[in-house]
Amino acid sequence: AQSVTQPDIHITVSEGASLELRCNYSYGATPYLFWYVQSPGQGLQLLLKYFSGDTLVQGIKGFEAEFKRSQSSFNLRKPSVHWSDAAEYFCAVGVTGKLSFGAGTTVTVRA
Amino acid sequence: NAGVTQTPKFQVLKTGQSMTLQCAQDMNHEYMSWYRQDPGMGLRLIHYSVGAGITDQGEVPNGYNVSRSTTEDFPLRLLSAAPSQTSVYFCASSYDRQAHEAFFGQGTRLTVV
């Protein structure tokens, strides 16, 4: 069965600084990979996805992620965070339509 | 364009009570699913459906029932609520099982006392 690990439970970053969220997955084949963001009291919104092809994928809100097969990783990055990026971020692996989520990383943005 | 609509947004139940969480989507998606979100555990799949009349169990199905009589609706039933079912429940839909890109509802926060 597939699994997803997000090693960082909570990250605090200054506004304007760069952000990187880590995600490692375990799956036998090439997975479908996703990053979702959840603002407080809201549902999940898809930031970006990787199915195949170019290993650097661009998403919404200025986010990007890089798939590294050798490291079984799919890390999310943003060059300069905004206060509105404070949220919880989930990495997920999709297998036959079923999503397996990591435990999430909460991002706090300080002024 | 409503997307995925969940009702109610909040609910308090007493132990042993039953209730149905409603989920409807207007995108003509074949694939629908229910997740529960608990602190430190991410989202876990409860049940899913690949089309009208077809449902299957996910990772944590015990204590929950589902049915899919139409493409649009996928209700989740709690037969006899337990405090362990206190959670935030999310319904999601996607075009089909290969599409994977899931659209989520706003969630239902359930407290069982």
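Residues numbered from 1 in each chain as written. Chains lettered and ligands numbered in written order. Predicted model: local features only at pLDDT ≥ 70, side-chain atom pairs only at ≥ 80, totals over all residues. Heavy atoms only, no water.

## Describing the state of the cysteines
For the coordinates displayed, the defined rule picks out two disulfides over all chains. Between the sulfur atoms of C23 of chain A and its disulfide partner C91 of chain A the distance amounts to 1.9 Å. Given an S-S torsion of about -65°, the disulfide between C23 of chain A and C91 of chain A has left-handed geometry. Residue C23 of chain A is found in the loop between β3 (19-21) and β4 (24-26), and its partner C91 of chain A is found in strand β10 (residues 87-95); the two are separated by 68 residues along the sequence. We note that C23 of chain A, like C91 of chain A, is buried. Here C23 of chain B pairs with C91 of chain B through a disulfide, and the sulfurs are 1.8 Å apart. (Disulfide = S-S within 2.5 Å. Helix = DSSP H or I, 4+ residues; strand = E, 2+ residues; numbered from the N terminus. Buried < 20%, exposed > 50% of the residue type's maximum accessible area, 1.4 Å probe, protein only.)

## Some details on the interface of chain A and chain B
Taken together, the contacts link 22 residues of chain A with 19 residues of chain B. Across the interface of chain A and chain B, roughly 1700 Å² is buried in total on both sides, 54% from carbon and sulfur atoms. The interface formed by chain A and chain B holds one salt bridge in total. Between E101 of chain B and K49 of chain A there is a salt bridge, and its shortest N-O distance comes to 2.6 Å. On inspection of chain A and its partner chain B, the count reaches four residue pairs in polar contact (both at pLDDT 80 or more). Elements represented by at least two residues in the side of chain A that touches chain B include exactly β5 (32-38), β6 (44-50), β10 and β11 (98-101) of chain A. (Contact = heavy atoms within 4.5 Å. Buried area = accessible area lost by both parts, 1.4 Å probe. Salt bridge = Lys/Arg side-chain N within 4 Å of Asp/Glu carboxyl O. Polar contact = N/O pair within 3.5 Å; in protein donor to acceptor, adjacent residues only side chain to side chain.)

## With respect to the sheet that holds strand β3 (residues 19-25) of chain B
Residue and element names in this part refer to chain B. If you walk across this open sheet you meet the four strands as β1-β3-β8-β7, and the pairing is antiparallel. One side of each edge strand has no neighbouring strand; the edge strands of this open sheet are β1 (4-7) and β7 (64-66). For this sheet the average axis-to-axis angle between neighbouring strands, irrespective of direction, equals 20°. Alignment of β3 against strand β8 (residues 76-78), held across three bridges, turns out to be antiparallel. (Pairing = 2+ DSSP bridges. Axes fitted to C-alpha atoms, helices over the stretch in contact; angles between N-to-C directions.)

## Describing the pairing of β1 of chain B
All names here are of chain B. The side-chain alternation of β1 yields one buried face, formed by V4 and Q6, and one unburied face, formed by T5 and T7. Judged from the four bridges that link them, β1 and β3 form a sheet pairing that is antiparallel. Each residue of the ladder has a partner; that of Q6, found in β3, is C23.

## Observations regarding the pattern of salt bridges
The tally for this structure, following the rule as stated, stands at seven salt bridges over all chains. The residue E66 of chain A makes a salt bridge to R77 of chain A at a minimum N-O spacing of 3.4 Å. One end of the pair, E66 of chain A, is in strand β8 (residues 64-68); the other, R77 of chain A, is in strand β9 (residues 73-78), with eleven residues separating them in the sequence. Accessibility expressed as a relative area gives 22% for E66 of chain A, which makes it partly exposed. The partner of D38 of chain B in a salt bridge is R44 of chain B, with the nearest N and O atoms 2.8 Å apart. Because the salt bridges share partners, they merge into one network encompassing E64, E66 and R77 of chain A.

## Thoughts on the layout of surface pockets
Of the pockets and cavities examined, the largest pocket occupies roughly 470 Å³. Q38 and G41 of chain A together with Q37, V88 and R109 of chain B are the residues nearest the centre of the largest pocket, which is lined by 27 residues in total. Of all elements in the fold, only β10 of chain A together with β4 (31-38), β9 (87-94) and β11 (108-112) of chain B reach the threshold of two or more residues within the lining of the largest pocket. Counting residues per element, the lining of the largest pocket draws most heavily on β11 of chain B, at four residues. Roughly 160 Å³ of internal volume is contained in the second largest pocket. Around the second largest pocket, the lining residues are Y36, G43, L44, Q45, L46 and I60 of chain A together with E101, A102, F103, F104 and Q106 of chain B. Breaking the lining of the second largest pocket down by element, the ones donating at least two residues are β6 of chain A together with β10 (103-104) of chain B. Examining the composition of the lining of the second largest pocket, we find that three residues originate from one element, β6 of chain A, more than from any other. Looking at the lining of the second largest pocket residue by residue, the classes come out as seven nonpolar, three polar and one charged. (1 Å grid on protein atoms, 1.4 Å probe; cavity = no way out; pocket = protein on both sides within 12 Å on 5 of 7 lines; lining within 4 Å. Points joined across faces, edges and corners; volume = space filled by probe spheres on them. Nonpolar A, V, L, I, M, F, W, Y, C, P; charged D, E, K, R; others polar.)

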